Each structure stands twice: as structure tokens, then as C-alpha cells.
Amino acid sequence: MPEALDATRVAMQLSGSVIPLRVQMIRLEALSRHPDRARESLRDLEAVTSQRSQQVEARDLAYISLAFGDRDGALDAFDRALEERDPTLVWLGVDPRVDGLRQYPRFTAMLKQLGLPEKMRTP
């Protein structure tokens, strides 16, 4: 995990800290057991996006919530992404980042609403 954090820091420096990389950094910090740093980074991201009239995608907020262990927050964010018709949700059936949600009826209902099977096999 330290290598992933270092690589993401370098990518952020090279890119000017674009939002997707900031989101990835927050996730990595939370998953690396640096929740205080991750929360601070999330506050920074929220400040930057509000100043630039940008927003963080609902699905990205869901992945951040999962990294913090907040399943209900993640499901709420995925519900918003579904309402926004986020096309990337078609990958939820095979996305390993959501494995911790697969046992929840609310998540399986979301998969069904997307027309995806509850359990998908990866190649």
C-alpha cells in the first residue's frame, strides 16, 4: 500500500491534483489506516470542488465511504449514482471494491435494478 500512496502522490503532482486522483488518494489513505489524513484530504477536496463549482461523482463518494467502512453511506451514494444514471455502475457486479456490500439486500436490489445478476463470475 505504501507504493500505491507514493505513486498516487507523484501522479497528483504531475496532473495538478485532478479530482479522480484526489479521490484515489483519499481511498488509499483510509484503507492504509490513516483515517485522520483521509478525512483532512476529503475536506480539502470538498473545499476545492465548491470553489470551482465542481462536484465529486456520487460513485466516488461511495468508494470513499467504503474505504472508511461506512456501508450505509456507500449505499446512499450508490443510490444517488443510480438516480444520476451513472454508466459506470454496470461494473458493480464484478468490482472487488464493493465485495463488502454483496451480502446486503439493498445492494442486491440495486444490482437487480441495473439488470445485473447478484453473483457474477470473473474470467
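Predicted model only: the values in this text are computed from it and were never measured. (Residues numbered from 1 in each chain as written. Predicted model: local features only at pLDDT ≥ 70, side-chain atom pairs only at ≥ 80, totals over all residues. Heavy atoms only, no water.)

Draft legend 1. Fine view of helix 2 (residues 19–31). Taking 1.5 Å as the rise per residue, helix 2 with 13 residues should run 18 Å; its terminal C-alpha atoms sit 18 Å apart, in good agreement. Listing the buried residues of helix 2 in full gives Ile 19, Arg 22, Val 23, Met 25, Ile 26, Arg 27, Leu 28, Glu 29 and Ala 30. In this structure, the buried side of helix 2 is in contact with helix 1 (2–15), helix 3 (35–51) and helix 4 (58–67). Trailing helix 2 by a residue or two, Arg 33 shows a phi angle of about 65°, which is positive. (Helix = DSSP H or I, 4+ residues; strand = E, 2+ residues; numbered from the N terminus. Expected span 1.5 Å × (residues − 1). Buried < 20%, exposed > 50% of the residue type's maximum accessible area, 1.4 Å probe, protein only. Contact = heavy atoms within 4.5 Å.)

Draft legend 2. Quick look at unusual backbone geometry. Backbone geometry at Arg 33 places phi at a positive 65°, although glycine is not the residue there. The topology assignment puts Arg 33 in the loop between helix 2 and helix 3. The exposure class assigned to Arg 33 is exposed, which follows from its relative accessible area of 75%. The residue Arg 85 is not glycine, and still its phi comes out positive at about 60°. Following the sequence through the fold, Arg 85 ends up in the loop between helix 5 (71–83) and helix 6 (105–113). For Arg 85, a relative accessible area of 71% puts it in the exposed group.

Draft legend 3. Structural context of the side chain of Thr 8. Structurally, Thr 8 is set in helix 1. Side-chain polar atoms of Thr 8 contact the backbone oxygen of Ala 4, separated by 2.8 Å. With near-sequence residues (within four places) excluded, Thr 8 lies in contact with Leu 21, Gln 24, Met 25 and Leu 28. (Polar contact = N/O pair within 3.5 Å; in protein donor to acceptor, adjacent residues only side chain to side chain.)

Draft legend 4. The arrangement of the pattern of salt bridges in detail. Counted under the stated rule, the structure contains seven salt bridges. Between Arg 59 and Asp 60 there is a salt bridge, with the nearest N and O atoms lying 3.8 Å from each other. Taking the relative accessible area as the measure of exposure, Arg 59 reaches 21% and is therefore partly exposed. Here Asp 60 falls in the buried class, since its relative accessible area comes to 13%. (Salt bridge = Lys/Arg side-chain N within 4 Å of Asp/Glu carboxyl O.)

Draft legend 5. The packing of aromatic side chains, seen in detail. Scanning the model with the defined rule gives one aromatic pair in all. Here the aromatic rings of Tyr 63 and Phe 78 are separated by 5.5 Å at their centres, their planes lie at 85°, and the arrangement is edge-to-face. Of this pair, Tyr 63 sits in helix 4 while Phe 78 is found in helix 5, placing the two residues 15 residues apart along the sequence. Phe 78 matches Tyr 63 in its accessibility class, with the two residues each being buried. Its end group placed over the ring of Tyr 63, Arg 97 keeps NZ or CZ at 3.8 Å from the ring centre. (Phe/Tyr/Trp six-rings, centres within 6.5 Å; stacked < 30°, edge-to-face > 60°. Lys NZ or Arg CZ within 6 Å of the ring centre and 35° of its normal.)

Draft legend 6. Expanded view of the nonpolar core. Counting 18 residues, the largest nonpolar core has Leu 66, Phe 78, Leu 92, Val 98, Leu 101 and Phe 107 as its most contacted members. When residues of this core are traced back to their parent elements, those giving at least two are helix 4, helix 5 and helix 6. For this core, the leading source of residues is helix 5, giving six residues. Each residue touching Val 98, except ones within four places of it in the same chain, is listed here: Tyr 63, Leu 66, Phe 78, Leu 92 and Phe 107. In terms of nonpolar packing, the next biggest core, distinct from the first, is built from ten residues, Ile 19, Val 23, Ala 30 and Leu 42 among them. (Core = buried A, V, L, I, M, F, W, Y, C linked by side-chain atoms within 4.5 Å.)

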